[in-house]
Amino acid sequence: MAEATPYTLIDGRKISSDIKKEITEKVIERRQLGKKVPHLAIILVGDDGASQTYVDHKVKACKEVGFHYTMMRFADTISEDKLMKHIDQVNRDEDVDGFIVQLPLPQHISVERITEKIRPDKDVDGFTNRNFGSIVSKNPLLLPATPYGVMELLKRYKIETEGKNCVVIGASRLVGAPLSMMLVEEGRATVTVCHKYTKDISSFTRQADILVVAVGKPGIVTGDMVKQGAVVIDVGTTRVEGPQYKNGYALKGDVDFQAVAPKASYITPVPGGVGPMTIASLLLNTLRATELRNP
Ligand code: GUN
């Protein structure tokens, strides 16, 4: 039995707060130079509780760094065509530097049609095919926000990725797929992507120097799946409801933290790990979109 090691907890709140301070300074400087202050618009369809909470956090973050923001809310009965027209309007609004459409959308609306309607240079979530593809270009436009946040965490904790064995569980369009490309391109890592058709996932995860999990199934990564000394990044944030929780729910990661942490060298908690970094990346992308449009 291998010895338990003291692990370093990767503090996403602290790194996100550092990034927000850096952005605040840049906004102050832009104001002083008479340059345009970044303006983020947020489109929210319906009244999903989790989406509302995420959006509240995004608005709060805009206020913290001094960005302008606009909230646009629509009923969940809005037609796809009508929503497309609103997106067209925001695309053409010269004052808006970047915008997001909060997901999930109601069943009758195609996520792909909606995200592809967003102008790539205002797509601060980095969801469009153009921005997804730009990961492999020499000069990426706006990087997908959550993977960007994971890369920033690794960088700011000085975790070496070059030549490392990285295993990503989850091949989603928004996290697993773009992150695996970023780990190859920017991280120079050897990357294995596991997904629901992978046989014997443990045989891959046990080889991982860096293990990233983005599946949305609480606790699926258990202690026996992780190599001693591995870096473990948990992107999962599933709302689990129960009367024992303060707000009636708790956020749970994909990693069985109690079992995995003693084997890890670095590990992200949930909440307080990757979550706050998605918002930090959104702010970084909005600043970048502003600088590109109004240098
Ligand atoms: N829903 C859950 N996470 C996200 C996100 O990062 N961006 C958007 N637009 N919707 C989400």
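Quantities reported herein were computed from a predicted structural model and do not represent experimental measurements.

Novice: Account for the overall build of the chain, naming residues and giving values.
Specialist: In terms of regular secondary structure, the chain is built from ten helices and eleven strands. For 295 residues, the compact-globule estimate of 2.2 N^0.38 gives 19 Å, and the C-alpha radius of gyration of the chain, at 19 Å, lies within 12% of that figure. The dimensions of the chain, computed from C-alpha atoms along their principal axes, are 60 × 45 × 35 Å. Accessible area for the chain stands at about 14300 Å²; split by element, carbon and sulfur atoms hold 52% of it. Side chains of the chain give 39 positive and 36 negative charges; the mean places of these two sets differ by 2 Å.

Novice: With reference to specific residues and values, describe the site of the ligand.
Specialist: All residues adjacent to the ligand are K58, V101, Q102, L103, D125, F127 and T278. Between the ligand and Q102 there is a distance of 3.2 Å, counted from a nitrogen atom to a side-chain nitrogen or oxygen. Protein coverage of the free-state accessible area of the ligand, which is 280 Å², stands at 78%.

Novice: Could you give an account of the packing of helix α6 (residues 145-156) against helix α10 (residues 275-293), with specific residues and numbers?
Specialist: Relative to each other, α6 and α10 sit at 105°, their axes nearing to 8 Å. As far as their axial angle goes, α10 and α6 are roughly perpendicular. For the pair formed by α6 and α10, the contact residues are A145, T146, Y148, G149, E152 and L153 on the first element and M277, T278, S281, L282, L284 and N285 on the second. Of the residues that constitute the contact of α6 with α10, the class distribution is six nonpolar, five polar and one charged.

Novice: Go over unusual backbone geometry, please, and point to the residues and values.
Specialist: Across residues other than glycine, the phi torsion is negative in most instances, and most of the peptide bonds are trans. A cis geometry characterises the amide bond from L103 onward to P104, with omega recorded as 5°. Residue placement: P104 occurs in the loop between β4 (98-101) and α4 (111-117). A cis amide bond links V270 to the next residue, P271, at an omega of 0°. Structurally, P271 is set in the loop between β11 (264-267) and α10. Backbone geometry places K158, a non-glycine residue, at a positive phi of 55°.

Novice: Please give an account of the pairing of strand β6 (residues 190-194) that cites residues and values.
Specialist: Pairing of strand β5 (residues 165-169) with β6 involves five bridges; the strand directions are parallel. For V167, the partnering residue across the bridge sits in β6 and is T192. As for the winding sense of the linkage, the β-α-β connection from β5 through helix α7 (residues 176-185) to β6 is right-handed.

Novice: Could you give an account of the sheet that holds β4, with specific residues and numbers?
Specialist: The three strands lie next to each other as β3-β2-β4, forming an open sheet whose pairing is parallel. On the outer flanks of this sheet lie β3 (68-74) and β4, each paired with one strand and no other. Neighbour to neighbour, the strand axes of the sheet diverge by 15° on average, direction disregarded. Bridge count for strand β2 (residues 39-45) against β3 is seven bridges, and the pairing is parallel. The residue of β3 that forms the bridge with H39 is H68. Docked against the sheet, helix α3 (residues 80-92) engages β2, β3 and β4, running at close to 175° with respect to β2.

Novice: So, the environment of P276: which residues are in play, and what are the values?
Specialist: Position of P276 among the secondary structure elements: in helix α10. Using a relative accessible area of 19% as the deciding quantity, one classes P276 as buried. Sequence separation between P276 and G149 is 127 residues; the distance between their C-alpha atoms is 8.4 Å. Excluding anything up to four places from it in sequence, P276 contacts G12, R13 and S16.

What counts and how
- Residues numbered from 1 in each chain as written.
- Predicted model: local features only at pLDDT ≥ 70, side-chain atom pairs only at ≥ 80, totals over all residues.
- Heavy atoms only, no water.
- Helix = DSSP H or I, 4+ residues; strand = E, 2+ residues; numbered from the N terminus.
- Rg over C-alpha atoms; globule rule 2.2 N^0.38 Å.
- Areas by Shrake-Rupley, 256 points an atom, 1.4 Å probe, with all protein chains shown as cover.
- Lys, Arg positive; Asp, Glu negative; His and termini not counted.
- Charge placed at Lys NZ, Arg CZ, Asp CG, Glu CD.
- Near = heavy atom within 4 Å.
- Polar contact = N/O pair within 3.5 Å; in protein donor to acceptor, adjacent residues only side chain to side chain.
- Axes fitted to C-alpha atoms, helices over the stretch in contact; angles between N-to-C directions.
- Parallel < 35°, antiparallel > 145°, perpendicular 65-115°, else oblique.
- Contact = heavy atoms within 4.5 Å.
- Nonpolar A, V, L, I, M, F, W, Y, C, P; charged D, E, K, R; others polar.
- Pairing = 2+ DSSP bridges.
- Right-handed = clockwise from strand over helix to strand, strands pointing away.
- Buried < 20%, exposed > 50% of the residue type's maximum accessible area, 1.4 Å probe, protein only.

Shape is all these values report; function is a separate question.
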